[in-house]
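# Examining the three-dimensional arrangement
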Amino acid sequence: MSRHRLRFLFSTTMDLSDKEKREIGQHFVFGFHGYEVSEDAKELINKYHVGNIILMKRNVQSVKQVHVLVQSLQQCARDAGHRHPLMIGIDQENGTFLSSSGLVSAFSSTAKYQAGTQFPGAMAIAATGDPEYARKCSSASAREMKAVGINWSYSPVGDVNSDPQNPVIGVRSFGDAPAEVARFAKAVSDGLTQGGVAPSAKHFPGHGDTNIDSHLGLPIINKSRTELDQTELKPFKDLIDAGVASIMTGHMVIQALTGDGETPASLSRAVTTTLLREDLQFEGVAVTDCLEMNAVKERQGGVPRGAVEALAAGVDVVMVCHTMAFHRGAMEATYKAVQTGELHMGELRKSGDRITALKRKFAGTWDDVLGNPFDEKAMNALQATNKKLSEEAYAKSTALISGSLPVFSSGKIVVMTPVVESLNAAVDDAEGLQRTEKGHVRNTAAPYYMSFAKSVGRRAADVEHLTYADDFDCRRDFGEGLIFVTRNADRSTWQLDVLERVATQALTGVPIVVLASCAPYELFSRRVLGVQACVASFEYTCEALEAAASVIFNEVPPLGESPV
């Protein structure tokens, strides 16, 4: 047997050194459960040397609690001998919660917990027409996050929402015009950076033109490279030219790029290295979207194999958010891939230099992240200022899509809101949530719609709040004014069926205002032509619905313009 062959066999069976394992750990961002540092989190940091942590809504109770949690995580990393502080990431796009787990707005306050200030999300902020609001709100949000130790925000969304049926992007996008999406995404990136938090533009190379959610399946985008350059890639090109710190790769198939109909972009070297690094000259950190999404998890080898493929494709950091078994599996699979030569330590170290540069800029030194007591007085002052900015931005986001707003009489106003319906089980439902056979939450009026009814109640003496489902009995009195709220009724068309029946039943002359509380696409349907006015809030946060109430009751003019 040749000396070269012996050397190869020895290299594939020998254990990795501590230094090599520490390097590998820097290439992962993992999540954990709980409001305190769990035993799983300690194992990830101590045993596997994981250099980056993602916080979810399940980790957030209050700003003070998050500060304590992050301090504990950083202390754990320092005690474990990490050279640099952890990057502490979070999904904070602002705007609507897509689930009780806080997907896309994990740091924002909820009805139960007071954490970060609620700011408008992408489509709502784009409706203002002013990217300066995007920059200011993102900078303000970043200052709150930085004060508690969060230094990496998986935002902005660079996806162009080309497909109105898109189940997972929608109002998370700044619109359907590539140039406008680029303009607002860049403003968010600038704001986060100014606030000391690393932005991460997503979902490269574009998740907007698909009606399949990668949480549930594998989206396929059939476009040529020329078409991609004109639409999907435009925002990312502009962000790269502006020096965005990191980019998140998405789990969609684009055959024009990958060369096959099966490999997600996040696992493709043609996308991560050839397109992102070589063609677009991106020099920052590339991180995958969570590999626990079905688009990757259901592939042969699952999450562990996906981690190896992503690193082989040239990504810097692999994200796995939820399951400890997948965390361990991904680490062990990566160790094996290095031992067998499938992954090369030289490439990982070069990639690690980019991670280190990100940490130096946004995490700083151990002195920067440790030993800083929580300044509650300063946080209260910051949030008071930020609340005013948020209210100002929301006030300029509500749009009158068609018709003219009525002047309601002093009689009864009826507010109709849809039952909570799961449009996407992967992101909408909490664990243990009970639903009817039709997918409606049992005996539930959504808290944000209850808040809207209260907003109306502050403006009208007599208000009746009705929650409607597809079998709603329209044989009733609809008072002297009706506000009919929809949520993505272009897909859940039963809501428009109910609207038509209600309009027929209501007395002639009773003004009907339709309020689209999420994406506004249903307001462009001929099925709403008979109502007096159509208004869009672009999200169903309490703040957005309060702003919409102000517009509907003619307290402020409708200044927003639909970005789609």
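Below you will find a few notes about this structure. Source: prediction; values computed, not measured.

Let us now look at the overall build of the protein. Within the protein one finds 21 helices and 14 strands. Here the C-alpha atoms of the protein give a radius of gyration of 25 Å, agreeing with the 24 Å that 2.2 N^0.38 yields for 564 residues. Counting only C-alpha atoms, the protein reaches 95 × 55 × 45 Å along its principal axes. Across the 564 residues of the protein, 60% fall into the buried class. A separation threshold of at least 6 residues defines the contact pool for the protein, and within that pool the share at least 24 residues apart is 77%.

With respect to the helices and strands, lysine 237 occurs in helix 9 (residues 233-241). It is 20 Å that separates the C-alpha atoms of lysine 237 and asparagine 222, two residues lying 15 residues apart in sequence. When neighbours within four sequence positions are excluded, lysine 237 is seen to be in contact with Asp229 and Leu280. Side chain to side chain, lysine 237 and aspartate 229 meet in a polar contact 3.2 Å long.

The strand order across the open sheet formed by 8 strands is 7-6-5-4-3-2-1-8, and the pairing between neighbours is parallel. The sheet is open, and its two borders are formed by strand 7 (285-288) and strand 8 (318-320), each paired with just one other strand. Two strands pair when backbone bridges link them, and strand 1 (residues 28-30) and strand 2 (residues 52-55) are joined in this way by 2 bridges, in the parallel orientation. From the neighbouring strand, phenylalanine 30 faces strand 2, where its bridge partner is isoleucine 53.

Before going further, it helps to examine helix 13 (residues 302-313). Taking 1.5 Å per residue as the helical rise, helix 13 with its 12 residues ought to reach 16 Å, and the 16 Å between its terminal C-alpha atoms agrees with that figure. For helix 13, the tally of buried residues reaches 9 of 12 residues, placing the bulk of the element in the interior. Gly302, Val303, Gly306, Ala307, Val308, Glu309, Ala310, Leu311 and Ala313 are the residues of helix 13 that are buried. Phi turns positive, to about 115°, at glycine 314, one or two residues after helix 13.

Turning our attention to the environment of leucine 343. Position of leucine 343 among the secondary structure elements: in the loop between helix 14 (324-340) and helix 15 (345-362). When the C-alpha positions of leucine 343 and glycine 129 are compared, they lie 46 Å apart, and in sequence the two are 214 residues distant. Dropping the residues within four chain positions of it, leucine 343 is found in contact with Val308, Leu311, Ala312, Thr334, Ala337 and Val338.

Considering the arrangement of structural elements, one finds serine 138 in helix 6 (residues 131-148). Accessibility expressed as a relative area gives 6% for serine 138, which makes it buried. A polar contact is formed between the side chain of serine 138 and the backbone oxygen of alanine 134, at a distance of 2.9 Å. Those residues in contact with serine 138, other than ones at most four positions away along the chain, are Val188, Gly191 and Leu192.

What follows is about the nonpolar core. Residues Leu55 and Leu73 are the most contacted members of the largest nonpolar core, which totals 97 residues. Residue contacts for leucine 55: discarding those within four places in its chain leaves Phe32, Val66, Leu69, Val70, Leu73, Ile88, Gly89, Ile90, Asp91, Ala106 and Ile150. Counting 61 residues, the second-largest nonpolar core is a separate cluster that includes Met123, Leu466, Ala519 and Val551.

This part covers the packing of aromatic side chains. Under the definition given, this model contains 11 aromatic pairs. Seen from their ring centres, phenylalanine 28 and phenylalanine 30 are 5.4 Å apart, and the 45° between their planes marks the pair as tilted. Classification of phenylalanine 30 as buried rests on a relative accessible area of 0%. Three or more aromatic residues joined by ring pairs form one cluster here, namely Tyr448, Tyr449 and Tyr540.

Quick look at the sheet that holds strand 13 (residues 512-516) now. Sheets are built from strands paired through backbone hydrogen bonds, the pairs being either parallel or antiparallel. Pairing is mixed in the open sheet, where 6 strands are placed in the order 9-14-13-12-10-11. Single-partner strands in this sheet number two, and they are strand 9 (399-403) and strand 11 (463-468). Going from strand to strand, the sheet's axes swing by 20° on average, the running direction of each strand aside. Relative to strand 13, strand 12 (residues 481-486) is paired through 5 bridges, and the arrangement is parallel. Within strand 13, the position partnered with valine 485 by the bridge is leucine 515.

Turning our eyes to something else, we now look at the pattern of salt bridges. Applying the stated criterion across every chain yields a total of 29 salt bridges. Where lysine 202 meets aspartate 91, a salt bridge forms, and the shortest distance between an N and an O atom there is 2.9 Å. Placement of the pair is lysine 202 in strand 5 (residues 198-204) and aspartate 91 in the loop between strand 3 (87-90) and helix 5 (122-127), with a sequence separation of 111 residues. Just as lysine 202 is buried, aspartate 91 falls in that class too. The closest approach of N and O atoms between glutamate 180 and arginine 183, which form a salt bridge, is 3.0 Å.

All right, on to the packing of helix 2 (residues 18-25) against helix 15 then. Direction vectors running N to C along helix 2 and helix 15 enclose 55°, while the axes themselves pass 10 Å from each other. For the element pair helix 2 / helix 15, the angle class is oblique. Along this stretch, helix 2 crosses helix 15, giving a crossing that reads as left-handed. Only Met345, Leu348, Arg349 and Gly352 of helix 15 make contact with helix 2, whose side of the interface consists of Glu20, Glu23 and Ile24. For the contact of helix 2 with helix 15, the class distribution of residues is 3 nonpolar, 1 polar and 3 charged.

This part is about helix 21 (residues 542-552). Across the 11 residues of helix 21, 8 count as buried, placing the element largely inside the fold. Looking only at helix 21, the buried set comprises Ala544, Leu545, Ala547, Ala548, Ala549, Ser550, Val551 and Ile552. Taken together, the buried residues of helix 21 touch helix 17 (376-395), helix 19 (447-457), strand 12, strand 13 and strand 14 (533-536). Backbone geometry just after helix 21 places asparagine 554 at a positive phi near 60°.

Criteria and thresholds
Residues numbered from 1 in each chain as written. Predicted model: local features only at pLDDT ≥ 70, side-chain atom pairs only at ≥ 80, totals over all residues. Heavy atoms only, no water. Helix = DSSP H or I, 4+ residues; strand = E, 2+ residues; numbered from the N terminus. Rg over C-alpha atoms; globule rule 2.2 N^0.38 Å. Buried < 20%, exposed > 50% of the residue type's maximum accessible area, 1.4 Å probe, protein only. Contact = heavy atoms within 4.5 Å. Polar contact = N/O pair within 3.5 Å; in protein donor to acceptor, adjacent residues only side chain to side chain. Pairing = 2+ DSSP bridges. Expected span 1.5 Å × (residues − 1). Core = buried A, V, L, I, M, F, W, Y, C linked by side-chain atoms within 4.5 Å. Phe/Tyr/Trp six-rings, centres within 6.5 Å; stacked < 30°, edge-to-face > 60°. Axes fitted to C-alpha atoms, helices over the stretch in contact; angles between N-to-C directions. Salt bridge = Lys/Arg side-chain N within 4 Å of Asp/Glu carboxyl O. Parallel < 35°, antiparallel > 145°, perpendicular 65-115°, else oblique. Left-handed = near helix turned anticlockwise from the far one by under 90°. Nonpolar A, V, L, I, M, F, W, Y, C, P; charged D, E, K, R; others polar.

Functional significance is not addressed by these values, which are geometric in nature.
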